[in-house]
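Secondary and tertiary structure notes
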Amino acid sequence: MTLSPDINRRQFIRTAALATGGLIIAFNVPAAGKRRRTGQEPAFAPNAFLQVGTDNSVTVILSHCEMGQGIWTTLCMLIAEELDANWKTLQAVHAPAAPAYFHTIYATQRTGGSSSLLSEFDRYRKAGATARQLLVQAAANRYKVAVQDCRTEDGMVIIGDKKIPYSDLAADAAALPTPADVPLKDPANWKIIGKRIKRMDTPAKITGKAIFGMDVQLPGMLTAMVARGPAPGAKVKGYEAAAAMAIPGVRQVVAIPGGVAVLADDFWAAKKGRETLQVDWDLGPGANMNSDALLKEFRERANKGGIAATNTGNPEEAFTRAAHIVEAEYYQPFLAHAPMEPLNCTVQLSADKCEIWTGTQTQTDDQRGAAEITGLPVEKIFINTLFLGGSFGRRNITRSDFVREAVEVAKASGKVVKTVWTREDDIKGGMYRPAFLHRFKVGLDAGGTPIAWKQISVGQSVMTGGPFEKLAVINGVDMFSIEGMQTAPHVKAVKDQRIEVNTPEWPVSVDNWRAVGLSHTIFAMESLSDEMAIAAGKDPVAYRRMLYKDEPRLVGVLNLAAEKSGWGAPLPKGHGRGVAVFEAVGSFVAIVAEVAVLNNTIHVNKVTCAIDCGIAVSPDGIISQTEGSIAFGISTALYSEITFRDGKVQQRNFYDYPMLRIHEMPQVAVFIVPSKEKPGGVGEASVGQMIPALTNAVYAATGKRIRHLPLRNQPLNGHLQDSKLMG
Amino acid sequence: MIQLTVNGKTYEVDAPADMPILWVLRDKLGLTGTKFGCGAAQCGACTIHLDGEAIRSCVAPVSRAVGKKIVTIEGLDDSLAKPLQEAWTEVDVPQCGYCQSGQIMAAAILLRDNAHPTDRDIDNAMTGNICRCGTYQRIRSAIHMAVTLKTSAAAVQP
Ligand code: FES
Ligand code: FES
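Residues take numbers from 1 onward in each chain, read along the sequence in its written order. By the order in which they are written, chains take letters starting at A while ligands take numbers starting at 1. Where totals are concerned, whole chains, interfaces and linings use all residues; where local detail is concerned, this predicted model gives features only for residues with pLDDT of at least 70, and gives and counts side-chain atom pairs only at 80 or more. Side-chain calculation: all heavy atoms of the structure are included, whereas hydrogens and water are not.

Examining the overall build of chain A
Operational definition: Helix numbering and strand numbering both begin at the N terminus, where a helix is a DSSP run of H or I of at least 4 residues and a strand a DSSP run of E of at least 2. Our radius of gyration looks at C-alpha atoms and nothing else; its globule reference is 2.2 Å times the residue count to the power 0.38. Type-normalised accessible area, obtained with a 1.4 Å probe on protein chains alone, sets the label of each residue: buried when under 20%, exposed when over 50%, and partly exposed for intermediate values. The contact criterion used throughout is that any non-hydrogen atoms of two residues lie within 4.5 Å. Accessibility throughout is a Shrake-Rupley quantity obtained with a 1.4 Å probe, and a residue counts as covered only by protein chains that appear here. By the counting rule applied here, Lys and Arg register as positive and Asp and Glu as negative, while His and the ends of each chain are not counted. Where a charge lies is defined by one atom per residue type, namely NZ (Lys), CZ (Arg), CG (Asp) and CD (Glu).
When its secondary structure is counted, chain A shows 19 helices and 31 strands. For chain A, the C-alpha radius of gyration of 27 Å lies close to 27 Å, the compact-globule estimate for 727 residues. Projected onto its principal axes, the C-alpha positions of chain A cover 80 × 70 × 50 Å. Relative to its 727 residues, chain A shows a buried fraction of 63%. Excluding contacts between residues fewer than 6 apart, the proportion of contacts in chain A whose partners are at least 24 apart in sequence is 74%. For chain A, the computed accessible surface area is about 26300 Å², with 52% contributed by carbon and sulfur atoms. Charged side chains in chain A number 79 positive and 72 negative. The centres of these two groups are separated by 1 Å.

Laid out in structure tokens, this is it:
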């Protein structure tokens, strides 16, 4: 999918006055409001992006949610840059749910795909520039000077030696007509974009004051805990609530689609109530899910073949011309997201409206879900977006599972409720990254260039049934099942190729997980590139340089990561370096991992990453997200796996679904390639590369090729070899 | 009724003796700075101080706190909190922020007991605190910076 924002076609900017006298910069959606040019608006009209108050406040309204990725700060930087605002007076709030805040590409209010900045780069700068122009005009009018004689700095218009704060001008500015097409600053004059700016949400997050969905407390609110089916798709046959109701603090037990909810005064009573509740389940076909049998089924499907995503020339004939044949099969398991904050959602439902408080990435879908359940019109569903305690896609679920569930509980019980998931609920709760098997047969010419390519990828479709199905599922092939594979430069160049996709329909729910398809395709592709390099007798970095010779941005990050990591310098026995480079979410990332394998234990000592994400709006934010992605990738490679026995998920909590801990965190260095290209994604740009960089390093250290994840299931003993053999 | 001392204030709470301190703080007293991450002493998001010791409040029954002093992120003494919070801001540690109350509560005890922790000391003291966002490298450098801030603050004291 090529993504390009287009706000002009659907939205136009308008300005208005705050009831208190300040200036509002809003974007109107033609269908959603009257085409008035100015008018009085209540505070936070559901289309405002920026408000300049008469009280020295500048409020930025965020169409995207803050889940750790730093968008809270980045969007403020865009406005502050064009407005020449005083950074200290800036405040940010999450936007309500309304069409004005639709993602400029996705046309729904959604934070995902690492595309917030791409979506908002122009819109927020325009809001800032428009406000600035109006404030300057207001000052020029008041002091009877030309606008050219005014300049702006630090939240003030400056005329000669006069300094007029924006707050003094906001009311006048609001009365002026909305200017058309305000020019944006020349990047050469940027003072904030591209600089290190400290995050605006840090003070609240280090004092316990930041309010996450979990922290919402309303008068009369009960905590609800839902007993959900033990196997995917299980249904309630019947339940016995008496024992649960006998627990002090338990108030009500109600059945909802897919489960039974226990409502209580607090978490502890609800949890005890749910433990005592007896539910009789009809397990359904999900009870047949068994991880032991799964790999066999994957292989049978791979043998059977699938639908062709690409089919050109004659690969079989081309194999006969190949100097080397590389065959490999890579398997990766189901994965849970495990955000630090377990899921939760608070709902207050009355006859004429439904108000929701939660951390969510999908306000429009949530509204639609709540409207379906309550029968209320979408405009009567109000969503208060709170800080998300991590997400990694778990709160970007097309079916809005946890929001719908909470609305069901509110409807069935007639109470104000907060549903709270335990960690066990979260780990067992589905919406997983699908397990995938990718099998390849590649023919290389004498120099190592692929000339014949056969591939089959087996795994469930993430996009089927969701809003992007039409775009993403083409002739029965979910493009996210092979994300980045058929479009990789060295694959596109192969004339004789056939890439097939086999899509099982299993009862396990699968959905967006950080980097989506790339979370598994890059592992397969970059492990394979390593195997091809070895087959061709080439150094892994030199080999990739050759493969990507016509892709300057890929080669750029590859060379930078290789240089900064000391690629090629000798390492002690049992140590090794591995590399991976790939394009992801519009950015280009190369990672070199350095590991030591000692006594069958892998130590990731050092990770060097080079990223080219276009214009680096918030460099420290990019570094921080990339450090986090590296930790996330290492967790995934070493530990993460969801398995089933008779339909039941076997993992429960962090003791059997472990996370990387501080003593395992390598020394990480991230380097940003300067660029003038449009902003690429960052939050999902490096997770995929980290995994094969690590396993390729394990190969370099031990000679053991890792084709199945996670690594903790792979015995490594007896494979140590002199790592100097391998770059 | 159970009598509790939290952040220097005394409270009477009506809670069963086995209710974890975490849920007394969050659901009964409205002190939501202490977080729920796992409920199984695995992640450290719920770290508080009980009589000056860092404990996992999600598995500590409220009966254990009777006659003792509870300190949460909301009431952490300035002498411990200030250098850490300054360093955390300077380094820009948090991402989602959900684990950070627990990280700071754990780091506070480390620095109280060890004026100059090495990387290994930090790893040992902080390994019970998961950060799913992966802010570990910044936590390490922020703790080192807090040491410097503390030392320089002590130096200017009369
Ligand atoms: S919530 Fe207590 S250790 Fe995780
Ligand atoms: S900052 Fe998100 S879990 Fe640590």
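A closer look at the sheet that holds strand β15 (residues 307-312) of chain A
Neighbouring strands of a sheet are bound in pairs by backbone hydrogen bonds; such pairs are parallel or else antiparallel. Residues and elements named next belong to chain A. The condition is simple: Two strands qualify as a pair provided DSSP detects at least 2 bridges between them. Note on geometry: axes are lines fitted to C-alpha atoms, helical ones only across the stretch in contact, with angles between N-to-C directions running from 0 to 180 degrees.
Across the sheet, five strands lie side by side as β15-β25-β22-β21-β16; this open sheet has mixed pairing. The sheet is open, and its two edges are formed by β15 and β16 (324-332), each paired on a single side. On average, each strand axis in the sheet is tilted by 5° relative to the strand beside it, whichever way the strands run. Two strands pair when backbone bridges link them, and β15 and strand β25 (residues 496-502) are joined in this way by five bridges, in the antiparallel orientation. Pairing of Ala308 across the sheet is with Glu500, part of β25.

Looking at the interface of chain B and chain A
Heads up, the condition is: What counts as buried area is the accessible surface, traced by a 1.4 Å probe, that two parts surrender upon association, with contributions from both included. A pairing counts as a salt bridge when a side-chain nitrogen of Lys or Arg comes within 4 Å of a carboxyl oxygen of Asp or Glu. Distance and chemistry together define a polar contact, namely a pair of N or O atoms within 3.5 Å, with one atom able to donate a hydrogen and the other to accept it when in protein, and with adjacent residues in sequence counting only for side-chain atoms on both sides.
Facing the 50 residues of chain B at the interface are 61 residues of chain A. Taking both sides of the interface into account, the surface hidden between chain B and chain A amounts to around 4600 Å²; carbon and sulfur atoms contribute 54%. The tally of links between chain B and chain A comes to eight salt bridges. A salt bridge links Lys28 of chain B to Asp266 of chain A, with the nearest nitrogen and oxygen atoms 3.7 Å apart. If you look at where chain B meets chain A, you find 31 residue pairs in polar contact (both at pLDDT 80 or more). Looking at the side of chain B that touches chain A, the elements with two or more residues in it are α1 (21-28), α2 (78-91), α3 (100-113), α4 (119-126) and α5 (136-156) of chain B.

A look at the UniProt feature "domain: Aldehyde oxidase/xanthine dehydrogenase a/b hammerhead" (unreviewed entry) in chain A
Keep this limit in mind: UniProt positions are given in the numbering used here, feature names are shortened, and annotations may be inferred rather than shown by experiment.
Here the UniProt-annotated "domain: Aldehyde oxidase/xanthine dehydrogenase a/b hammerhead" (unreviewed entry) positions come out as residues 207-285 of chain A. As a span, residues 207-285 of chain A carries 18% helix and 39% strand, and end to end its C-alpha atoms are 48 Å apart.

Some remarks on helix α18 (residues 619-638) of chain A
How we decide: Given the number of residues in a helix, its expected span is that number minus one, multiplied by 1.5 Å.
Between its first and last C-alpha atoms α18 of chain A spans 29 Å; for 20 residues at 1.5 Å apiece the expected length is 28 Å, and the two agree. The buried fraction of α18 of chain A is high, at 18 of 20 residues.

Notes on the nonpolar core
So the rule is basically this: Residues grouped as a nonpolar core are buried Ala, Val, Leu, Ile, Met, Phe, Trp, Tyr and Cys residues, joined through side-chain atoms within 4.5 Å.
Formed by 258 residues in total, the largest nonpolar core has its most connected members in Leu23, Phe334, Trp453 and Leu694 of chain A together with Trp88 of chain B. Looking at this core element by element, the count peaks at eleven residues for helix α3 (residues 116-143) of chain A. Membership of the second largest hydrophobic core comes to 27 residues, among which are Ala224, Ile383, Ala406 and Val407 of chain A.

So, the pattern of salt bridges
Residues and elements named next belong to chain A. This model, assessed by the stated rule, comprises 51 salt bridges over all chains. Among the ionic pairs, Lys185 bridges to Asp84, the shortest N-O distance being 2.8 Å. Taken as a pair, Lys185 in the loop between α4 (166-175) and α5 (202-205) and Asp84 in the loop between α2 (71-83) and β6 (90-94) lie far apart in primary sequence, 101 residues in all. Residue Asp84 is classed as buried on the basis of its relative accessible area, which comes to 9%. A salt bridge links Asp122 to Arg125, with the nearest nitrogen and oxygen atoms 2.8 Å apart. With Asp122 and Arg125 both in helix α3, this residue pair falls three residues apart, about one helical turn. Salt bridges here are not isolated pairs; linked through shared partners, they connect Glu526, Asp530, Glu531, Arg544, Arg705 and Arg707.

A few points about the domain arrangement of chain B
Residue and element names in this part refer to chain B. Going by this rule: What fixes the domain bounds is an automatic or database domain assignment. Polar here means any residue other than Ala, Val, Leu, Ile, Met, Phe, Trp, Tyr, Cys and Pro, which are nonpolar, and Asp, Glu, Lys and Arg, which are charged; Gly is therefore polar.
As far as domains go, chain B holds domain 1 (2-75) and domain 2 (78-156). Listed per partner, the contact involves 16 residues of domain 1 and twelve residues of domain 2. Taken over both partners, the interface formed by domain 1 and domain 2 buries close to 1200 Å², and the fraction arising from carbon and sulfur atoms is 58%. The tally of links between domain 1 and domain 2 comes to zero salt bridges. Connecting domain 1 to domain 2 are seven residue pairs in polar contact (both at pLDDT 80 or more). Those elements giving two or more residues to the side of domain 1 that touches domain 2 turn out to be β3 (47-50) and β4 (53-56). A per-element tally of the side of domain 1 that touches domain 2 places β3 first, with three residues. For the side of domain 1 that touches domain 2, the per-class residue count stands at seven nonpolar, seven polar and two charged.

Here's the deal with the domain arrangement of chain A
Residue and element names in this part refer to chain A. Each domain of chain A was delimited in the assignment, giving domain 1 (3-207), domain 2 (213-284 + 343-420) and domain 3 (291-334 + 432-726). Computed over C-alpha atoms, the centres of domain 2 and domain 3 are 37 Å apart. In this assembly, ten residues from domain 2 lie in contact with 15 residues from domain 3. Taken together, the two surfaces of domain 2 and domain 3 that pack against each other cover about 990 Å², and 57% of this comes from carbon and sulfur. Here domain 2 is connected to domain 3 by one salt bridge. With a shortest N-O distance of 3.4 Å, Arg399 and Asp511 are connected by a salt bridge. The interface formed by domain 2 and domain 3 contains three residue pairs in polar contact (both at pLDDT 80 or more). Its residues assigned to classes, the side of domain 2 that touches domain 3 shows five nonpolar, three polar and two charged.

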